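What follows is each chain in one-letter form.
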Amino acid sequence: MAESASISSKGRETMRRSINLPPDMSSSSGPLTEELQCSICLDVFTDPVTTSCGHNFCKTCLNKCWDNSQTCSCPCCKETFKHRPDLKINTTLREVVDHYKKKIPEKTTDVVKETEVLCDICEEREQKALKSCLVCQSSYCETHLERHLRVAGLKKHKLINPVSNLEDYICQKHERPLELFCRDDQTCVCPMCDVTDHKNHNTVSIEEESEEKKAQLMKTQKGVQQTIQDRIKKIQDIKHSSEVRKRNTEKEKAARVELFTDLIRSIERCQTELLEMMEEQQKAAEKQEEELIEELEQEITELKMRNSELEELSQTDDHLHFLQTYSSLCSPRNTRNWSEISMKTDESLETLRKALTQLQDTLQEKLTLTEVKRMQQYAVDVTLDPDTAHPNLILSDDGKQVRCGDIKQKLPDKPGRFDQCICVLGKERFSSGRFYFEVQVKEKTRWELGVARESIIRKGKISLSPSNGYWTVVLRNENEYEAFAGPPVSLSLSVKLQRVCVFVDYEEGLVSFYDVESSSHIYSFTDQSFNDKLCPYFSPGFNNGGKNSTPLIITPVNYNK
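Conventions adopted
Residues numbered from 1 in each chain as written. Predicted model: local features only at pLDDT ≥ 70, side-chain atom pairs only at ≥ 80, totals over all residues. Heavy atoms only, no water. Helix = DSSP H or I, 4+ residues; strand = E, 2+ residues; numbered from the N terminus. Buried < 20%, exposed > 50% of the residue type's maximum accessible area, 1.4 Å probe, protein only. Contact = heavy atoms within 4.5 Å. Areas by Shrake-Rupley, 256 points an atom, 1.4 Å probe, with all protein chains shown as cover. Pairing = 2+ DSSP bridges. Core = buried A, V, L, I, M, F, W, Y, C linked by side-chain atoms within 4.5 Å. Expected span 1.5 Å × (residues − 1). Polar contact = N/O pair within 3.5 Å; in protein donor to acceptor, adjacent residues only side chain to side chain.

**Concerning the overall build of the protein chain**
- A count of helical and extended segments in the protein chain gives 10 helices and 23 strands.
- Considering the protein chain as a whole, with its 561 residues, one finds that 34% of them fall into the buried category.
- Within the protein chain, contacts between residues separated by at least 24 positions form 58% of all contacts whose residues are at least 6 apart in sequence.
- Of the accessible surface of the protein chain, which amounts to about 35400 Å², a share of 50% is contributed by carbon and sulfur atoms.

**Re the sheet that holds strand S16 (residues 470-476)**
- What the six strands build is an open sheet, ordered S13-S22-S15-S16-S17-S18; its pairing is antiparallel. Two strands lie at the open edges of the sheet, namely strand S13 (424-425) and strand S18 (489-491), each paired on one side alone.
- Relative to strand S22 (residues 534-539), S13 runs antiparallel, the two sharing two bridges. Residue pairing for S22: Leu425 is matched across the bridge by Tyr537.

**So, the nonpolar core**
- If you look at the biggest cluster of nonpolar residues, it comprises 37 residues, and the most contacted ones within it are Phe437, Trp447, Val511 and Phe538.
- Discounting residues that sit within four places of it in the chain, Trp447 has contacts with Val441, Val473, Val474, Leu475, Tyr481, Leu497, Val500, Ser539, Pro540 and Leu552.

**Here we look at the sheet that holds strand S7 (residues 159-160)**
- Pairing is antiparallel across the open sheet formed by three strands, whose spatial order is S6-S5-S7. Of all strands in the sheet, those bounded by a partner on one side alone are strand S6 (138-140) and S7.
- Taken together, the two bridges between strand S5 (residues 131-133) and S7 define a ladder with antiparallel strand orientation. Looking at S7, one finds that Cys133 is bridged to Leu159.

**As for unusual backbone geometry**
- Positive phi is not limited to glycine here, since Lys78 has a value of about 70°.
- Within the secondary structure layout, Lys78 lies in the loop between strand S3 (72-73) and strand S4 (80-81).
- Phi at Asn544 is positive, roughly 55°, even though this residue is not glycine.
- Relative to the helices and strands, Asn544 is located in the loop between S22 and strand S23 (552-555).

**Describing helix H9 (residues 319-330)**
- Compared with an ideal rise of 1.5 Å per residue, which puts 12 residues at 16 Å, H9 spans 16 Å between its outermost C-alpha atoms and is within 8% of the ideal.
- Where H9 starts, the residue carrying a side-chain oxygen 3.3 Å from the main-chain nitrogen of Leu320 turns out to be Asp318.

**A closer look at the pairing of strand S17 (residues 480-483)**
- For S16 and S17, the ladder comprises four bridges, and the chain directions are antiparallel. Bridged to Arg476 within S17 is Glu480.
- Hairpin connection between S16 and S17: a loop of three residues separates the two successive antiparallel strands, and Asn477 in this loop has a positive phi of roughly 55°.
- With three bridges connecting them, S17 and S18 associate as antiparallel partners. Bridging from a neighbouring strand, Glu482 pairs with Ser490 of S18.
- Between S17 and S18, which pair antiparallel and follow one another directly, the connecting turn spans five residues, one of which, Gly486, has a positive phi of 105°.

**Observations regarding the pairing of S22**
- Burial within S22 is extensive, with six of its six residues counted as buried.
- As paired elements, strand S15 (residues 447-453) and S22 share six bridges and run antiparallel to each other. Bridge assignment links Glu448 to a residue of S22, and that residue is Ser539.

Below, the structure written as structure tokens:
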């Protein structure tokens, strides 16, 4: 773990001395919880303050720390502040600390009472013991300890800090002080044990073993303190991720609300236009029907009159009149062929179907366009990496264009360089989040485009597939588009691609391709599992005698399109 991410054990001790804090201050308040512990004094917070980077300290500890430093920086994450912050007490955290402290005074007092040792010699008013003698197996106050400090024979006795359980410091078998430690049996022994039961064992003084164990304890404690800081930092990271996710969710919600509001307006507008058009068609049909009925009624009247004339003629006995009138009455009349005239009752339904189909296409186009605009907010500046380019590839000076030449260049065979596949990677590496970039592919007859794992094999023949670390869409033979998804997937596109955008959502396992010009979806790799850094991947294809000499061009994003 980087030194800047936490305070080392030695650093804390130095810090305590610099601000005049006792080294054992952390033990004064009993067991602590991580959340209520100052990382400088290791005690429960007193007047807690919070820095802008999100870490908490005692106000006095932090002020004294800054008083002894030329710069004001966070003792945990080392973030430096241009001006010394005006520390305000975190009242909420102080209330939590006060509530916690109210629960532990009794426990603390009980511990003190249990560990307090009284003099075994005092008869009337017992005094607090200053030392305990392992030979005499008694504890003495300052007055009664005087003989052990003065008498020659008593000076040889083993004195320790006062303890109430002296029997635990004496060998039960030989009634001698436990002065040695057997490393073979991992137990404390007396000098008699050393020459009898533990003869030839590896024994050392308890002081030596204690010092060695303390050194190990310090390492363990340092590891625990480091773990505490790691956990605190992890909490901060989780909180930060939560805040970022919340902000992104709010942005996404706002974008979706705007999208659906626009779609609802479009639907309502299309509905109004459709209803108006259907109403106009209905009126036109009614007018036509009225005219046809009127024409039919006129023709019926004329036919009735003719029928009367024919009836009258059929009754005449005047043969000359009959013959003279017959031709005019019986000759065919020019009338409409009504059998060919029919009314289309389903015309409005056909109009409705066409309108709905058009509306669906419009909505789909709007959805895709909005999706592309949403993805564009994750646009990144991609530059080609010359150290990965195949020797036949020619890169522009700005690293934004690549084409295939006819002559193989003499380039150093670096481990990251492709030696058979005519391709190149982007310099950028992505291990989380989302990213988006656009590439111009017009006037080309072959190309490959997508993303690849950083750890892909760069030497020898390459098979493009997700299992091999490639997520690509390719153009083959001028108009054959495919997605290399294991077995290639043929793509049916209505237009020849001019500019393609690539969008990746690392956490979602998504790689999507869109036609920028028509804002239409090309293909998406979904439910992928990324466990490595991803790089943009480009292949302009072979030159093919100049037919495919146009370069692939990484283009800036046109947000206004």
